[in-house]
There are 2 protein chains.
Amino acid sequence: MLTYSFDHKGKDTLYEYLYKQIKQDIITRKLVPGEKLPSKRALAKQLDISTITVENAYSQLAAEGYIYSVPKSGFYVAAMPEEGTAVRIMKNTLLQGQKQAGAAGQKEPRLQADERIRQEDKNDIFFADFVNNTTPSANFPFTTWTKLMRETMSENSQDIMMKSPSAGIYELRSAIADYLYQFRGMQVEPEQIVVGAGTEYLYGLIIQLLGRDRIYAVEDPGYQKISRIYQANSVSCSHVPLDEKGVSIAALEHSGADILHISPSHHFPTGLVTPVSRRYELLSWASQSDGRYIIEDDYDSEFRLLGKPIPALQSIDVSEKVIYINTFSKSLSSTIRISYMVLPDSLMQQYQRELSFYACTVSNFDQYTLARFIRDGYLEKHINRMRNFYRALRDAILTDLRQHAKYPCVHIREENAGLHFLLEVETELDDRELVKQAEKAGIHISCLSQYYYNQENADSHTFVINYSGIEAEHVKEAVGRLMDSI
Amino acid sequence: MLTYSFDHKGKDTLYEYLYKQIKQDIITRKLVPGEKLPSKRALAKQLDISTITVENAYSQLAAEGYIYSVPKSGFYVAAMPEEGTAVRIMKNTLLQGQKQAGAAGQKEPRLQADERIRQEDKNDIFFADFVNNTTPSANFPFTTWTKLMRETMSENSQDIMMKSPSAGIYELRSAIADYLYQFRGMQVEPEQIVVGAGTEYLYGLIIQLLGRDRIYAVEDPGYQKISRIYQANSVSCSHVPLDEKGVSIAALEHSGADILHISPSHHFPTGLVTPVSRRYELLSWASQSDGRYIIEDDYDSEFRLLGKPIPALQSIDVSEKVIYINTFSKSLSSTIRISYMVLPDSLMQQYQRELSFYACTVSNFDQYTLARFIRDGYLEKHINRMRNFYRALRDAILTDLRQHAKYPCVHIREENAGLHFLLEVETELDDRELVKQAEKAGIHISCLSQYYYNQENADSHTFVINYSGIEAEHVKEAVGRLMDSI
């Protein structure tokens, strides 16, 4: 039975306080997914408060997705993500009443409950979150976007009313092709591009295109959502270990896989950049059999902070073996559900023959607005601004790390490729203990080992530092708390 | 080799005229899908025009999806839909220079080439189109929608930046639940609703939820896109014949199917409304085994023109066996890619456990705007206006049919359920010939037999009259041409 004392509720109303207490118990997993909550009447009686108060608290929790109701049965705790619970940055002391923008990253299966954050929701349990690899929505160019949306409404009012081609409107595909040429050196025809509502949706299309009777290989360690999607689609999924250059060719051959899904330009979570020699080996592997393909997931190539971007696999592929996939959720905001893939001509023809009966999943409003946003140079400006922003953020974190008394006990790795780096710790503690210590200090963090499918290969004592969601004014304290905890 | 004379090009530029000629050859299938076009240089030489002219024409055709390019090979004619070629209404004589709104229906796999209609594109080959079951986009409440979009931008600017829960924002799900209660008599919790970018996307989620190792039954005759989606997802699909009440229970039992996908409130294309007795038989069938479910596709229930709407299967289901699915593409416009499904509680819990890692595919802008549109009563008003509009349109068509000299040779059936009816013709001609005669008269039309999977069961000599895309001022002439052709 839930028991809460209302002695410390402060200025909160009874309902607000109860809501926050239950929410905290869900976030900290005192209440576990699937667990039934007491009936409103029972809890009200237990806590000596009115049923209406409990009802209000439950309604709020249900509205935010922390709990769900089963008619004629009651309320249950909602599902949690399997990998690292993503909890929003807490601003216990620093919060100045402003509403927090609870952006969620494209690459993190976030706590469903965490996806709706309300104004009144100001207390959380962590001071800083190095798990949630979001790009802060406060950086979304809202004013520009709404200006372009208004322009679209007035200047494209007729176009908007026409059905989009299955692969997306030509203006957007053309703008993406130009953008890829200018900023990624890729020579791509607009006709090769398929636009969809998120990379997850596009993965589903790729499976329909390439077939379910294949083995799909993913990287181990890797981003677990990708294998979850393959599993949800009943596709055999093989976890291939990495060596120091990326996916091991021997292990890949051994897996029997036909399709390889990788992020060669910036692997998550190791940060590894696959060198050109291995890229050619991978292309050679793919070219050895008709049914082999490589899905190149280039999700944060825009944010490489040092040196020239690595050329995409797609651009050195002459055998029509690479499906390039990228998203605007990372560079813009997860609110804009637009991703795209570049298909080799033969697959694009197959798409047109077999799958173009599908309607495009992105609304015309968003497609025309994004086309303008790219065409008028706003995307480039935005990415440049964001790159400077993240570089400054990373530098601040690195500086604070280096100034900390415990700096000799840690090693910083892979800090230039994108929006995360690794922090290896000299310690006797096991990873679970390391994470727990950090959590006690108010720091939400994950270890590299958590992203391994085969635990025996896992590197231990290495934190994955996703810094894109940390606010600049919290860096010093967050780094201090983390370093003190180890 | 293509040969065109430029003698009749009128005011068109050379490029425009060439573009139109080739397009017409593609639409009329003189040029067939996959056929290679002559090289730009060869065609230019052949027609004694410049290569630039050919290049411009090809580019335009490629941009509109009529043809596609294969690098280092050339241009090819793009794929055509398998069922009834949907060609936009032609207004040869009546067109007064206004831009046509080339809306495309949610229920018709349209000619990909037809999905991008440009201003200059005013000549087509049909006077009227009874195949394309679109709702005209001219009826889309554009002014209201953009007003609400502006309100959303200014009033929900913070909310828009937060990631939507997987199943959709609460405001929209709540508005849909209220709407279903008021206008469909359904008692549904917002927590049971999953919002997605189109019904096609939701079908894919349902397959992931219910599993691929099941047999999915669809109606025969039926809307072929549904079975195409099951096939694209590698799911066994069984075509179950209908009797006078709907899906035959004996045939359903015999099919071995676990999942039944139906439109009991208005079957396409027969127009059949499944009576309550058969609905209970269907629910009884479903309740006989744990793994059985019914997908109730209620796609145009709003447009029943006579009498009370039939209660949804979902609302008489007490065994958690019905997945209700509907779309706003039909009632609003295919430009708005928002559909939803109502899951029984047990399936919703499974969704939350297994599939809520998926990000919602609808942008927050569209979700908040639609929530306002429903909440503020605009959807109700719009549907009422549309219902009156369609009733008037149908009445005009029926009146003209009845006044025609050949009226004694035809029988009108199922004219009250939704946006199409059947026209049975007393004739010796076979269906193929009937359609061809109509096409010669400038009328694009399909026969009931074209929607059958098992042709031996097919009713012949029956036209399917999709009238929602016909413009009022064309009714008299369209009906005259059709009737004269038989």
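The shown structure was predicted, so the numbers you read here are calculated from the model rather than taken from an experiment.

## Some points on the packing of helix 7 (residues 199-210) of chain B against helix 12 (residues 345-355) of chain B
A pair of packed helices is captured by two measures, namely the crossing angle of their axes and the spacing between those axes.
All names here are of chain B.
Right, on to step 1. For the pair helix 7 and helix 12, the least separation of the axes is 10 Å and the interaxial angle reads 90 degrees. As judged from the angle between their axes, helix 7 and helix 12 are roughly perpendicular. Packed against helix 7, whose contacting residues are Leu205, Gln208, Leu209 and Leu210, the element helix 12 presents Leu347, Gln350, Tyr351 and Leu355 at the interface.
Right, on to step 2. A class-by-class count of the residues in the contact of helix 7 with helix 12 yields six nonpolar, two polar and no charged.

## Some details on the environment of Leu260(A)
Residue and element names in this part refer to chain A.
Right, on to step 1. Examined against the element boundaries, Leu260 turns out to sit in strand 8 (residues 259-262).
Right, on to step 2. A sequence separation of 62 residues divides Leu260 from Val322, and the C-alpha atoms of the two residues are 9.6 Å apart.
Right, on to step 3. Sequence-distant contacts of Leu260, that is, excluding residues within four places in its chain, are made with Ala217, Val247, Leu252, Leu282, Trp285, Tyr293, Ile294 and Ile295.

## Examining the sheet that holds strand 10 (residues 322-327) of chain B
Residue and element names in this part refer to chain B.
Right, on to step 1. Read across the open sheet, the eight strands follow the order 4-11-10-9-8-5-6-7; overall the sheet is mixed. Sheet topology places strand 4 (193-196) and strand 7 (246-247) at the edges, where each strand pairs with a single neighbour.
Right, on to step 2. Pairing of strand 8 (residues 259-262) with strand 9 (residues 293-297), which is carried by four bridges, proceeds in the parallel orientation. If you follow Ile262 over to strand 9, its bridge partner there is Glu296.
Right, on to step 3. The strands touched by helix 7 are strand 4, strand 5 (215-220), strand 8, strand 9, strand 10 and strand 11 (339-342); relative to strand 10, the strand with the most contacts, the crossing angle is about 165 degrees.
Right, on to step 4. Its contacts with the sheet put helix 10 (residues 276-287) on strand 6 (236-243), strand 7, strand 8, strand 9 and strand 10, and the angle it makes with strand 9 is roughly 140 degrees.

## Comments concerning helix 12 of chain B
Right, on to step 1. With eight of its eleven residues buried, helix 12 of chain B lies for the most part within the structure.
Right, on to step 2. Within helix 12 of chain B, burial applies to Asp345(B), Leu347(B), Met348(B), Gln349(B), Gln350(B), Tyr351(B), Gln352(B) and Leu355(B).

## Observations concerning the environment of Gly204(B)
Right, on to step 1. Residue placement: Gly204(B) occurs in helix 7.
Right, on to step 2. In this structure, the C-alpha to C-alpha distance between Gly204(B) and Phe389(B), residues 185 residues apart in sequence, is 34 Å.

## Concerning the pairing of strand 6 (residues 236-243) of chain A
All names here are of chain A.
Right, on to step 1. As judged from the six bridges shared by strand 5 (residues 215-220) and strand 6, these two strands associate in the parallel manner. Residue pairing for strand 6: Tyr216 is matched across the bridge by Cys237.
Right, on to step 2. Between the parallel pair strand 5 and strand 6, the chain is carried across by helix 8 (residues 224-232), and the sense of this crossover is right-handed.
Right, on to step 3. Alignment of strand 6 against strand 7 (residues 246-247), held across two bridges, turns out to be antiparallel. Residue pairing across strands places Asp243 opposite Gly246, the latter belonging to strand 7.

## So, the pattern of salt bridges
All names here are of chain B.
Right, on to step 1. Inspection of the entire model under this criterion finds 27 salt bridges over all chains.
Right, on to step 2. A salt bridge links Arg372 to Glu155; its shortest N-O distance comes to 2.9 Å. Taken together, the residues Arg372 in helix 13 (residues 364-375) and Glu155 in helix 4 (residues 142-155) connect sequence positions 217 residues apart.
Right, on to step 3. Residue classification places Arg372 among the buried positions, given a relative accessible area of 7%.

What counts, and at which threshold
Each chain has its residues counted from 1, running along the sequence as written. Here the convention is simple: chains get letters from A, ligands get numbers from 1, in the order in which they are written. The predicted nature of this model means local features are confined to residues of pLDDT at least 70 and side-chain atom pairs, given and counted, to a pLDDT of 80 or more, with totals for whole chains, interfaces and linings taken over all residues. Water and hydrogen atoms were dropped before computing side-chain values, which therefore reflect all heavy atoms in the structure. Note on method: axes are straight lines fitted to C-alpha atoms, helices fitted across the in-contact stretch only, with angles between N-to-C directions ranging 0 to 180 degrees. Put simply, DSSP H or I for four residues or longer makes a helix, DSSP E for two residues or longer makes a strand, and each gets a number counted from the N terminus. Note that the term roughly parallel is reserved for angles under 35 degrees, roughly antiparallel for angles over 145, roughly perpendicular for angles of 65 to 115, and oblique for everything else. Whether two residues are in contact is decided by their heavy atoms: any pair within 4.5 Å suffices. Residues are grouped as follows: Ala, Val, Leu, Ile, Met, Phe, Trp, Tyr, Cys and Pro are nonpolar; Asp, Glu, Lys and Arg are charged; every other residue, Gly included, is polar. Two strands make a pair as long as DSSP finds a minimum of two bridges between them. Each residue is placed in one exposure class: buried if its accessible area under a 1.4 Å probe, protein chains only, is under 20% of its type's maximum, exposed if it is over 50%, and partly exposed if it falls in between. Every crossover in which the path from the first strand over the helix to the second runs clockwise, viewed with the strands pointing away from the viewer, is termed right-handed. Within this document, salt bridges are pairs made up of a side-chain nitrogen of Lys or Arg and a carboxyl oxygen of Asp or Glu, the two lying within 4 Å of each other.

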